[in-house]
Amino acid sequence: MRKIDTGKLVVITGPMFSGKTSRLLELLEREMRAGRKTILFKPEIDKRYSNAHVVTHKGIALPAIISPIDSKARKFILEKSKGFDVIGVDEAQFWDPKSNLHNLLEELVFLKKLIYVSALNKNIKNEAFETTSKLLSSADEIYTLTSVCAKCGNDATLTQKIRNNKEVFKKVIDVGGNDKYEPRCRNCYVQYRHK
Ligand code: TMP
Ligand code: MG
Ligand code: ZN
């Protein structure tokens with residue numbers, strides 16, 4: 001294994017459909033090819049799914065461990081990460097701000113571990129996710145990805161929630177895909193009106 005000289009926190013951010021998870025897996029795969037022991041965490045947001053393997057595009061499988069997202073996250077992630085050189089976290093925006101995910105991951109960085117995290121930039125109301133904001137300030141390196149606007153094809157930096165062809169702003173935390181959400185550019189994004 002190529003020795004890790006210094007730890008680092010790499011954050012991959014952007015709207016939905018910008019390829020964050022693919023990039024995360026690509027980066028983890030590079031590390032695995034360098035012979036580094038790699039582990040991936042996913043948030044416990046949907047209790048129907050237990051631990052699973054995520055298979056990268058090139059067919060490499062790695063265990064994805066379902067982590068608590070509340071104050072229990074710290075102990076859980078520290079414990080499970082023991083003996084691993086590289087730690088991936090997908091959908092980090094879902095960790096409760098009270099979990100202080102950024103502090104915990106920085107602790108691991110100071111232990112010379114490489115951390116790769118993907119996190120949604122904004123919610124459907126164009127508001128920050130607190131956990132993402134904190135991760136971005138803690139990051140050593142940031143990849144900002146864009147999607148393609150579903151309306152006009154420009155680079156999309158925001159995510160719009162759609163129901164019956166109308167822009168909606170209800171239920172800000174709501175797991176889903178292109179059945180509910182689409183990427184939009186600044187011109188096409190419909191803003192939430194604060195009453
Ligand atoms: P993704 O970034 O990997 O595409 O996944 C984003 C997840 O976050 C997806 O399950 C939908 C969910 N989501 C929310 O819960 N609230 C939001 O405001 C947005 C934009 C997405
Ligand atoms: Mg994803
Ligand atoms: Zn557009």
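Residues numbered from 1 in each chain as written. Chains lettered and ligands numbered in written order. Predicted model: local features only at pLDDT ≥ 70, side-chain atom pairs only at ≥ 80, totals over all residues. Heavy atoms only, no water.

(A) Quick look at the site of ligand 1. Among the 17 residues in the neighbourhood of ligand 1, the closest are listed as Lys20, Glu91, Ile124, Val172 and Asp174. Note that an oxygen atom of ligand 1 is positioned 2.8 Å from one of the backbone N or O atoms of Ile124. The fraction of the free accessible surface of ligand 1 (480 Å²) that becomes covered by protein chains is 92%. Here the shell around ligand 1 is composed, by residue class, of eight nonpolar, five polar and four charged. (Near = heavy atom within 4 Å. Polar contact = N/O pair within 3.5 Å; in protein donor to acceptor, adjacent residues only side chain to side chain. Areas by Shrake-Rupley, 256 points an atom, 1.4 Å probe, with all protein chains shown as cover. Nonpolar A, V, L, I, M, F, W, Y, C, P; charged D, E, K, R; others polar.)

(B) The arrangement of the coordination of the zinc ion (ligand 3) in detail. Around the zinc ion (ligand 3), the protein contributes the donor atoms Cys149 (SG), Cys152 (SG), Cys185 (SG) and Cys188 (SG), at 2.3 to 2.4 Å from the metal centre. Every donor counted, the four donor atoms about the zinc ion (ligand 3) form angles of 106 to 116° at the centre, which fits tetrahedral coordination. All donor residues of the zinc ion (ligand 3) come from one chain, and their arrangement in sequence is C-x2-C-x32-C-x2-C. Residue Cys185 is classed as buried on the basis of its relative accessible area, which comes to 3%. (Donors = N, O, S within 2.8 Å, 3.2 Å for Na, K, Ca; no water. Tetrahedral: all angles 85-135°; square planar, octahedral: opposite > 155°, others 65-115°. Buried < 20%, exposed > 50% of the residue type's maximum accessible area, 1.4 Å probe, protein only.)

(C) View of the side chain of Ser138. By secondary structure assignment, the location of Ser138 is in helix H4 (residues 130-138). In this structure Ser138 comes out as buried when scored by relative accessible area, which is 12%. The contact partners of Ser138, leaving out residues within four places of it in the chain, are Leu9, His102 and Glu106. (Helix = DSSP H or I, 4+ residues; strand = E, 2+ residues; numbered from the N terminus. Contact = heavy atoms within 4.5 Å.)

(D) Quick peek at the environment of Met16. Structurally, the position occupied by Met16 is in the loop between strand E1 (8-14) and helix H1 (20-33). The buried category is assigned to Met16, whose relative accessible area is 14%. Taking the C-alpha atoms as reference points, Met16 and Lys134, separated by 118 residues in sequence, lie 19 Å from one another.

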